[in-house]
Amino acid sequence: MFSSFFSFSLSFSTVISSVHNGIEVSVRTFVPLDRKCDIQTVTIKNLSGRERKISIFPAIKLLLSGYPAPPWCDSVEQSFVTDFKKEINGLYLDTRNPYTAQKPYNAYLTSTSDVYAYSADDRVLFGCQYSFSLPYALLDGEDLDSKPVAASNRCFMLQTKAILEPGAAFKTDYILGVTTDFEAAKAESIKTSDEVERIYS
């Protein structure tokens, strides 16, 4: 059985929820009015009568563009490094393009829960088929590779794991933001679900 529910706010938040195979998933998305980020709160509840092991894979394809580059250097906008940073508990993309027209052009994806694995290479999650509907890592039960990337595949992926007893729930938050540099990312980072709820309220 599969069912879905959508709730749209007139302010700045959206809630999408669904139930499938005894697992209820709810995703609340909102954009704080005073921050350059998008926050998603994911709540998973085990409605089945048995223990369930789950993995959550937030995957985001990035497009950091909008600036000029000299004709002789068309590929300069591909110059960046993405790696996991413990200080913000997430991935940080450092754009190394000297021709950016304006700031910010760096980005981060962080979590308020322990991160089990991560990747910035979309081929790890999607495989050669490159399908959002049939992702390789989910179909084959693979974990992400947890390796830094300095290439053209601008993608953020985190992996969170949880074990849910019957009736139990798991909640976590993911924060996607843009920033000027890593020091600013650390200052802007959101560490706990309580802080997310204070921002939301």
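Residue indices begin from 1 for each chain and proceed along its sequence in written order. This being a predicted model, a pLDDT of at least 70 is required before a residue's local features are given, and a value of 80 or more before pairs of side-chain atoms are given or counted; all residues contribute to the totals for chains, interfaces and linings. The basis for every side-chain value is the complete set of heavy atoms in the structure, and neither hydrogens nor water enter the calculation.

Re the environment of Thr 14
Under the convention used in this document: Comment: elements are numbered from the N terminus, with helices defined as DSSP H or I runs of at least four residues and strands as E runs of at least two.
Turning to its location among the elements, Thr 14 is positioned in strand β2 (residues 13-20). Between the C-alpha atom of Thr 14 and that of Thr 29, which follows or precedes it by 15 residues, the distance is 5.2 Å.

As for unusual backbone geometry
Unusually for a residue other than glycine, Asn 21 sits at a positive phi of about 55 degrees. Considering the arrangement of structural elements, one finds Asn 21 in the loop between β2 and β3 (23-30). One non-glycine residue, Asn 89, lies in the positive phi region at around 55 degrees. Along the chain, Asn 89 turns up in the loop between β7 (80-85) and β8 (90-95).

Here we look at the pairing of strand β11 (residues 155-164)
Rule in force here: Type-normalised accessible area, obtained with a 1.4 Å probe on protein chains alone, sets the label of each residue: buried when under 20%, exposed when over 50%, and partly exposed for intermediate values. A pair of strands counts as paired when DSSP detects no fewer than two bridges linking them.
Buried residues dominate β11, accounting for eight of its 10 residues. Looking at chain direction, strand β6 (residues 59-61) and β11 are connected through three bridges and run antiparallel. Its bridge partner being in β11, Ala 59 is matched across the sheet by Met 157. Where strand β10 (residues 117-119) and β11 come together, three bridges link them in antiparallel fashion. If you follow Tyr 118 over to β11, its bridge partner there is Leu 158.

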